[in-house]
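Fold and geometry: a report
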Amino acid sequence: MTLDAFTLEQLAAHLDRAEQQTRDVVKITDEHPDLDWDDAYAIQDGIRRLRLARGQRLAGLKAGLTSFAKMKQMGVDVPVFGFVTDDMARPDGGEITTADLIHPKVEAEICVVTKAPLRGPGCHVGAVMAAIDFVLPAVEVIDSRYRDFKFDLKSVIADNTSAARFVVGGQARPVDALDLRTLGVVLEKNGRIVAMAAGAAVLGHPAAAVAMLANHLGARGQEIPAGTFIMTGGVTEAIAVEAGDHVCARFQDLGSVSMRFV
Ligand code: 0L1
Ligand code: MG
């Protein structure tokens, strides 16, 4: 850690305020170039504490920047991890208000719910497959608090990996009824296909994102508890949306997830 506890709390409050006020800010490493990975996750933890103190509940965990398309889009080569809270959830087929968001983008994501705890180090795809209760499709709406989505990895980790909204829809299916690597996903905006991919786009296998999350938490003395909802990361690049847009993500064997931006 390079920053003291007071500065970490201040930075968490700064990013939390930007989110609440729908106001963009410059990336925090501009002022704190020495910020390290532990500082970044400590700031994210601070945001989590602030949200929970306001009565929000932890709804799940997320992996981001896990697909080759997203890594290329953002010019990075390692995934990041964050969380989602219940107030970020929106119903399938419902509306998402853009006035509460800075510059939203959508990502189609394969999600899982665990039935057994997972703990790293050494967590691997096989252990994850054994611990998955069911798989379900979702769309994540990301909304970086950083101006023009301009950030580096540490800044984006501190900003809870741009988490903003998520919509779970379709049909939950047992993991042994699916091949997560070849599971096809088509993302449509206003009836037009804007991106498509298969599950293998996420680190070769979406379960690999969960294993990396378990190993990341294990290094911090934490685990993924049983019953955790986990978003494994966008299978395609993120697509910008604005008021008036209709988005539909179609997942092979899992149904579709849709929403309108108003
Ligand atoms: O869920 C994600 O992949 C977002 C990771 C953070 C980077 C971004 O805002 O695109
Ligand atoms: Mg995502």
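Numbering of residues starts from 1 in each chain and follows the order in which that chain's sequence is written. Chain labels run from A onward and ligand labels from 1 onward, assigned in the order the entries are written. The predicted origin of the model limits local features to residues at a pLDDT of at least 70 and limits the giving and counting of side-chain atom pairs to 80 or more, whereas totals for whole chains, interfaces and linings rest on all residues. To get the side-chain values, all heavy atoms of the structure are used, and hydrogens and water are removed first.

Per an unreviewed UniProt entry, the chain is named 4-oxalocrotonate decarboxylase, and its organism is Sphaerotilus natans subsp. natans DSM 6575.

1. Quick look at the coordination of the magnesium ion (ligand 2)
Where a metal carries four tetrahedral donors, each ideal angle is 109.5 degrees; where it carries six octahedral donors, the ideal angles are 90 or 180 degrees. Each protein donor to the magnesium ion (ligand 2) is listed here as E107 (OE), E109 (OE) and E140 (OE); together their distances run 2.0 to 2.1 Å. Between consecutive donor residues of the magnesium ion (ligand 2), the sequence gaps follow E-x1-E-x30-E. For each residue, the accessible area found with a 1.4 Å probe, counting protein chains only, is set against the maximum for its type, and the residue is called buried under 20%, exposed over 50%, and partly exposed in between. Take E107: its relative accessible area is 3%, and that puts it in the buried class. Only nitrogen, oxygen and sulfur atoms qualify as donors, provided they sit within 2.8 Å of the metal or within 3.2 Å for Na, K and Ca; with water excluded from the atoms, sites may seem incomplete.

2. As for the packing of aromatic side chains
Geometrically, a pair of aromatic rings is defined through the distance of the ring centres and the angle of the planes. Each aromatic pair joins two rings of Phe, Tyr and Trp (for Trp, the six-membered one) with centres within 6.5 Å, and gets the label stacked for planes under 30 degrees apart, edge-to-face for over 60, and tilted for any other angle. As enumerated under the stated definition, the model contains 3 aromatic pairs in all. Judged by centre distance (6.3 Å) and plane angle (55 degrees), the ring pair of F149 and F151 falls under tilted. Among the aromatic residues, ring-to-ring pairing joins Y146, F149 and F151 into one connected group. Here R48 stacks its cationic end above the ring of F83, 5.2 Å away from the centre of that ring. Definition used: whenever NZ (Lys) or CZ (Arg) falls within 6 Å of the ring centre and also within 35 degrees of the ring normal, the charge is taken to sit over that ring. The ring of F149 has K105 lying over it, and the distance from NZ or CZ to the ring centre is 4.0 Å.

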